[in-house]
Amino acid sequence: MPRPFSVLPGALVLLALAASAFAAPSHEEVLAALERARALAAQGPPTVARVESLGGGWVGEEALAIGVYCALTADDPRQALLAAVNHSGDSDSTASITG
């Protein structure tokens with residue numbers, strides 16, 4: 001039997017925000033991308049269009065936002081990973097972040 005997928009969405013976003021704040025002196029782009037992911041997560045389950053609205057994942061802040069968004073919105077790990085790989089961008093990177 002699969003184990004339930006449980007993530008504390010607020011805690012995950014706060015952890016990512018805290019990590020990004022210390023990652024580089026200029027972290028505004030990362031914070032903005034994570035805020036877009038958090039706001040988008042409130043709109044419901046992951047879709048390709050929603051994932052792609054965060055970017056293609058070709059740069060770090062976009063890949064992180066997509067990974068966090070997929071983890072926040074999915075009901076289980078499989079759904080999160082499927083959302084992270086089924087877009088036209090750098091899907092192997094976004095899936096690895098999601099996982």
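Residues numbered from 1 in each chain as written. Predicted model: local features only at pLDDT ≥ 70, side-chain atom pairs only at ≥ 80, totals over all residues. Heavy atoms only, no water.

Caption draft 1: Focus on helix α6 (residues 91-98). Inspection of α6 places Ser91, Thr94, Ala95 and Thr98 among the buried residues, and these make up the whole buried set. Within α6, the buried residues cover an arc of 100° as seen down the axis, which keeps them to one side. Of the exposed residues in α6, those oriented more than 90 degrees away from the buried face are Asp92 and Ser96. Structurally, α6 contributes buried residues whose contacts are with α4 (60-73) and α5 (77-85). (Buried < 20%, exposed > 50% of the residue type's maximum accessible area, 1.4 Å probe, protein only. Helix = DSSP H or I, 4+ residues; strand = E, 2+ residues; numbered from the N terminus. Arc of directions from axis to C-beta. Contact = heavy atoms within 4.5 Å.)

Caption draft 2: Main features of the pattern of salt bridges. Scanning the entire structure with this criterion turns up one salt bridge. Here Arg38 ties to Glu35 by a salt bridge, and the two come within 2.4 Å at their closest N and O atoms. Taken together, the residues Arg38 and Glu35, both in helix α2 (residues 28-41) and three residues apart, mark about one turn of the helix. In this structure Arg38 comes out as partly exposed when scored by relative accessible area, which is 39%. Given the relative accessible area of 38%, Glu35 is considered partly exposed. (Salt bridge = Lys/Arg side-chain N within 4 Å of Asp/Glu carboxyl O.)

Caption draft 3: Layout of the packing of α5 against α6. At their nearest, the axes of α5 and α6 sit 7 Å apart, and the two run at 155° to each other. Taken as axis vectors, α5 and α6 run roughly antiparallel relative to one another. Both α5 and α6 take part in a crossing whose hand is right-handed. Judged by residue contacts, Ala80, Leu81, Ala84 and Val85 of α5 engage Ser91, Thr94, Ala95 and Thr98 from α6. Looking at the contact of α5 with α6 residue by residue, the classes come out as five nonpolar, three polar and no charged. (Axes fitted to C-alpha atoms, helices over the stretch in contact; angles between N-to-C directions. Parallel < 35°, antiparallel > 145°, perpendicular 65-115°, else oblique. Left-handed = near helix turned anticlockwise from the far one by under 90°. Nonpolar A, V, L, I, M, F, W, Y, C, P; charged D, E, K, R; others polar.)

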